[in-house]
Amino acid sequence: VWHDHRSADTEAARRFYHDLLGWETEVWKPGELDYPMIMVGGHAHGGFGPSEQGPPSWLGHVQVEDADAAAQRAEAAGGRVLAPMDIPEVGRIVVIADPQGAVLSLFSPAGEARTVGGKQPHQRERLDHGQSGRASQRPKAARLGGRPGY
């Protein structure tokens, strides 16, 4: 999962989460896109993107093999496609809403790339969701009270 914070004031959001959780940032495409990526332990796991639409929010991006095919499955299950888009050099995302209205982004990386800005996304412990859909393990950070901030 990639965590994307969207707000009109990305610098204020970056400062808040740095002070709260100790997150460092590294700017991807300085002078061109200026996207501050959230770095923890040398791994990128999100970023702060500008958005003038709606209130500030977090959006989770879940990697799938084919974002369009996954979006079609979401629609067949009662969800809605909200915003498909291609991001040059990164991949394709399709923002969907589930039948209750909760929003999630489906992400397919461009080509064989599995990195963001040359950085490997943060790898968490693999969770076995089984048929119930409930995780059988909690991520390490959750067991440790949330630190180191991911």
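Parameters and conventions
Residues numbered from 1 in each chain as written. Predicted model: local features only at pLDDT ≥ 70, side-chain atom pairs only at ≥ 80, totals over all residues. Heavy atoms only, no water. Salt bridge = Lys/Arg side-chain N within 4 Å of Asp/Glu carboxyl O. Helix = DSSP H or I, 4+ residues; strand = E, 2+ residues; numbered from the N terminus. Buried < 20%, exposed > 50% of the residue type's maximum accessible area, 1.4 Å probe, protein only. Contact = heavy atoms within 4.5 Å. Arc of directions from axis to C-beta.

Caption draft 1: Structural detail: the pattern of salt bridges. Summed over all chains, the structure comprises six salt bridges. For E11, the salt bridge is made with R15, and the minimal N-O distance between the two is 3.6 Å. One end of the pair, E11, and the other, R15, are both in helix 1 (residues 10-21), four residues apart, so they sit about a helical turn from each other. E11 sits in the partly exposed class, given a relative accessible area of 37%.

Caption draft 2: Structural detail: the environment of S57. By the element assignment, S57 lies in strand 5 (residues 57-63). As a C-alpha pair, S57 and D4 span 53 residues in sequence and 8.3 Å in three-dimensional space. Setting aside its immediate chain neighbours within four residues, S57 contacts D4, H5 and R6.

Caption draft 3: How the structure looks around helix 2 (residues 67-76). Considered for burial, the residues of helix 2 that qualify are A67, A70, A71 and A74. Along helix 2, the residues classed as buried sweep out an arc of 100° about the axis, all on the same side. For helix 2, the exposed residues set more than 90 degrees away from the buried face come down to Q72, R73 and A76. Those residues of helix 2 that are buried are in contact with strand 6 (80-87), strand 7 (91-97) and strand 8 (103-109). Just downstream of helix 2, G78 is the residue with a positive phi angle, here 105°.

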